[in-house]
Amino acid sequence: MIIRGEILSHSYQGKGYIVIKNGIIKKVQHDKPKERGEFIDAGDKLVIPGLIDMHAHFREPGYEHRETIESGSKAAVHGGVTTVAIMPNTNPPLDSIESINYVKKRAQQVGLIDILPVGAITKKRYGKDLVDFKTLAPHVVAFSDDGTTPQSFKVFLKAAQLARAVGKPIADHAEITELSGGSIREGKFSRAYGISGIPDIAESIAVARDIEIARYTGAHIHVQHLSTSASVKILRDAKKRGVPVTAEVTHHHLLFTDEDLRDRSPFKKVNPPLPRKEDQEELIKGLLDGTIDIIVTDHAPYSKEEKSTNIEEAPFGISGIETLLSSLFIIAEKYEIPFKVLLEKVTWKPAQLFNLGLKGDIIPGYSGDVVILDPSKTWRVNEETLFSKGKNTPFLNKTLPGVIELTIKNGKIVYRGDRID
Ligand SMILES: [Zn+2]
C-alpha cells in the first residue's frame, strides 16, 4: 500500500509518501517511491498515526448492554483510534488470568484494533487483597482499580512495590471516596444549580498520596483523568523533583466546565466531574508545560435507560472515543495550541510512556497504523453516526470539525467513510 498526503507525525511533517508492506511502514519519503500496489491519494488531507487511547471502558465481559469489544472497536476505528487500553472494571473484573485471556481472545476475534488490557490492582477491585502481579504482568499494560482506588495506604503502598518489581506502571484513579460523594464539582455553580458537590480535595489528596508513594517506592504511578488545579500544581512540583509520576487528562475536561451543567444533563455527569474554569485553565497550562503527559477519552458508554434519569441519580461517564480527534481541533483553536502538540499527546507520547513499542509515529519499522482525515469537513454527532452503543455524550446533536476518511490498521483498511471493513 502506498499513501500520498500531508503527513503529520512526530518524525515527519509535510507532503510525502508512505509505503506499508506486511503491516509495517517500510518507507516515508518526499519523492514518489518505486513500489507498486494499492495507491491511496489523500491529496491535501492529513495523514497521521493511528491514535492511542490509554483509558477506555469496553464493558465486556459483564455489561454488554453498554458496549462490547466489537462495538467499542468499531467506535475506536471510527474515531481514528487503533490502540486502546481497556480498564478492568468489567464483571468479572480483569483480576485474573482467565478474564484477561477472555478479553484478549475477543479482541483477536474482532481484530480491528490492538486492545491492551489493564489489570486490576485488587481482587474484584475491592481494595483489599492484591492480585497476583507476577502472573498478570506479562499480559497487562498497567495495573489500575479504575472507577476507584484502594483506600488503604498500606494496600496501595504494597501494590506500588509489586508493580515496580514487575516493571509495570500503576494507573491510578485518584479519589479519596470518604471525601467525594456528590454529582458535580463543588463550587459556585453546584450551589447555584442546587446539585450536590464533590470537593476538589477528594482528588488532590489522593494525588498527593500517589506522589509520595511513587517517591518512596520508585514505582511509576500514572495519575488518571486529572481534573483540578491543585492536582496539577502538586504534580508539576513532583515532576520537577524527579518523582516518577505521569498524568493524563480527558478531552471533555478540557472542553466543558461546571458552568455548562446549567441544563443538568446526565450526559455531562462524569467522574471526576467537569472542572471549574480555574481548574480548566491550569489543566491547559499543565498540558503545555508537560506536567500532563497524554490525553485520553475515559470512554464510558452507558445504555439509554441508565442515563435516562436526573443528574443526581445517573451513573458517571461520557462516551468519548469517537469525538476525541474532533475535540483536538476545537481545543487547538480555542486555546491557540498547534494541532501537532495535541496530536503527540494521543500518539507519540502514550507510546513512549507505556513502552508500547513501534507505534504512534510514521517512520520506517513502525506498525502500519495510519489515519487519513479532512480537517476542513464537519460531521454531525447523533445516535446514527456513533458506532458506540453509548450515545451519552455532551456532543450529541452537535456538529464537529474533522472527518476521518480512512483508518488503516497494520496496513489494512478497517474504516472507510461510514463503513467498517
Ligand atoms: Zn476513573
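The model shown is predicted, which means the values in this text are computed figures rather than measured ones.

### Here we look at the overall build of the chain
Secondary structure assignment for the chain yields 13 helices and 17 strands. Against the compact-globule benchmark of 22 Å for 421 residues, the chain has a radius of gyration of 20 Å, which places it among compact chains. The buried share of the chain, reckoned over its 421 residues, is 62%. Sequence separation of 24 or more characterises 72% of the internal contacts of the chain that already satisfy a separation of 6 or more. Once the 57 positive and 55 negative side-chain charges of the chain are each reduced to a mean point, those two points are 4 Å apart.

### A closer look at the environment of Val 414
Position of Val 414 relative to the elements: it lies in strand β16 (residues 412–416). Counting along the chain gives 301 residues from Val 414 to Ile 113, while the straight-line C-alpha distance between them is 8.6 Å. Contact partners of Val 414, with chain neighbours within four places excluded, come to Val 77, Leu 112, Thr 407, Ile 408, Lys 409, Arg 419, Ile 420 and Asp 421.

### Section: the coordination of the zinc ion
Coordination of the zinc ion by the protein is provided by Asp 146 (OD), His 173 (ND1) and His 225 (NE2), with metal-donor distances spanning 2.0 to 2.3 Å. Along the chain, the residues donating to the zinc ion are arranged with the sequence spacing D-x26-H-x51-H. Within this pair, whereas Asp 146 is found in the loop between α3 (133–136) and α4 (153–166), its partner His 173 is found in the loop between β8 (170–172) and β9 (184–185), the two being separated by 27 residues in sequence. Using a relative accessible area of 2% as the deciding quantity, one classes Asp 146 as buried. On the basis of relative accessible area, His 173 is assigned to the buried category, the value being 3%.

### A few points about the environment of Arg 380
Here Arg 380 shows up in strand β14 (residues 370–380). Each C-alpha atom, one on Arg 380 and one on Phe 395, is 9.0 Å from the other, the two residues being 15 residues apart in sequence. Excluding residues within four positions of it along the chain, Arg 380 makes contact with Thr 385, Asn 397, Lys 398 and Thr 399. A polar side-chain atom of Arg 380 sits 2.9 Å from the main-chain carbonyl oxygen of Asn 397. Within the local environment of Arg 380, its side chain forms a polar contact with the side chain of Thr 399, the two groups lying 3.2 Å apart.

### A look at the domain arrangement of the chain
Accessible area lost when the parts come together is the quantity often used to give the size of an interface. Partitioning the chain into domains gives domain 1 (2–47 + 367–420) and domain 2 (50–353). A straight line from the C-alpha centre of domain 1 to that of domain 2 covers 26 Å. Of the residues lining the interface, 35 residues belong to domain 1; the matching set on domain 2 comes to 43 residues. Counting the surface lost from both domain 1 and domain 2, the interface buries some 3,200 Å², and carbon and sulfur atoms represent 69% of this. If you look at where domain 1 meets domain 2, you find two salt bridges. Summed over the shared surface of domain 1 and domain 2, the number is 20 residue pairs in polar contact (both at pLDDT 80 or more).

### Things to note about the UniProt feature "domain: Dihydroorotase catalytic" (unreviewed entry) in the chain
In this structure's numbering, the residues bearing the UniProt feature "domain: Dihydroorotase catalytic" (unreviewed entry) are residues 45–229. In the segment residues 45–229, helix accounts for 36% and strand for 17%; the C-alpha atoms at its two ends are 37 Å apart.

### Quick word on helix α6 (residues 201–217)
Between its first and last C-alpha, α6 extends 24 Å over 17 residues, near the 24 Å set by a 1.5 Å rise per residue. The set of residues buried in α6 consists of Ala 202, Glu 203, Ser 204, Ala 206, Val 207, Arg 209, Asp 210, Ile 211, Ile 213, Ala 214 and Thr 217. Note on α6: the residue one or two positions beyond its end, Gly 218, has a positive phi of about 80 degrees.

### Topic: the side chain of Thr 323
Residue position: Thr 323 is located in the loop between α10 (304–307) and α11 (324–335). Judged by relative accessible area, which is 2%, Thr 323 ranks as buried. Sequence-distant contacts of Thr 323, defined by excluding residues within four places in its chain, comprise His 251, Trp 379, Val 381, Phe 395 and Leu 400.

### Topic: the pairing of strand β6 (residues 81–86)
Within β6, six of the six residues are buried, leaving the element largely enclosed by the surrounding structure. Bridge analysis of strand β5 (residues 51–56) against β6 gives four bridges, and the strand direction is parallel. Note that in β6 the partner of Ile 52 across the bridge is Thr 83. The handedness of the β5 to β6 crossover, carried by helix α1 (residues 69–78), is right-handed.

### Remarks on the packing of α4 against α6
With their axes 10 Å apart at the nearest point, α4 and α6 run at an angle of 45 degrees to one another. Here α4 is positioned oblique relative to α6, judged by the angle of their axes. Of the two elements, α4 crosses α6, and the hand of that crossing is right-handed. Of α6, the residues touching α4 (which contributes Phe 153, Phe 156, Leu 157, Ala 160, Gln 161 and Arg 164) are Arg 209, Asp 210, Ile 213, Tyr 216 and Thr 217. By residue class, the composition of the contact of α4 with α6 is six nonpolar, two polar and three charged.

### Regarding the packing of aromatic side chains
For the structure on display, the rule yields five aromatic pairs. Ring centres of Phe 329 and Phe 339 lie 4.3 Å apart, and the angle between their planes is 5 degrees; this geometry places the pair in the stacked category. One end of the pair, Phe 329, is in helix α11; the other, Phe 339, is in helix α12 (residues 339–344), and ten residues separate them in sequence. You can call Phe 339 buried: its relative accessible area is 12%. Above the plane of the ring of Phe 39 lies Lys 32, whose end atom (NZ or CZ) is 5.9 Å from the centre. Over the ring of Phe 156 we find Arg 209, and its NZ or CZ is 3.8 Å from the ring centre.

Calculation rules
- Residues numbered from 1 in each chain as written.
- Predicted model: local features only at pLDDT ≥ 70, side-chain atom pairs only at ≥ 80, totals over all residues.
- Heavy atoms only, no water.
- Helix = DSSP H or I, 4+ residues; strand = E, 2+ residues; numbered from the N terminus.
- Rg over C-alpha atoms; globule rule 2.2 N^0.38 Å.
- Buried < 20%, exposed > 50% of the residue type's maximum accessible area, 1.4 Å probe, protein only.
- Contact = heavy atoms within 4.5 Å.
- Lys, Arg positive; Asp, Glu negative; His and termini not counted.
- Charge placed at Lys NZ, Arg CZ, Asp CG, Glu CD.
- Donors = N, O, S within 2.8 Å, 3.2 Å for Na, K, Ca; no water.
- Polar contact = N/O pair within 3.5 Å; in protein donor to acceptor, adjacent residues only side chain to side chain.
- Domains from an automatic or database assignment.
- Buried area = accessible area lost by both parts, 1.4 Å probe.
- Salt bridge = Lys/Arg side-chain N within 4 Å of Asp/Glu carboxyl O.
- UniProt positions renumbered as here; feature names shortened; annotations may be inferred.
- Expected span 1.5 Å × (residues − 1).
- Pairing = 2+ DSSP bridges.
- Right-handed = clockwise from strand over helix to strand, strands pointing away.
- Axes fitted to C-alpha atoms, helices over the stretch in contact; angles between N-to-C directions.
- Parallel < 35°, antiparallel > 145°, perpendicular 65-115°, else oblique.
- Left-handed = near helix turned anticlockwise from the far one by under 90°.
- Nonpolar A, V, L, I, M, F, W, Y, C, P; charged D, E, K, R; others polar.
- Phe/Tyr/Trp six-rings, centres within 6.5 Å; stacked < 30°, edge-to-face > 60°.
- Lys NZ or Arg CZ within 6 Å of the ring centre and 35° of its normal.

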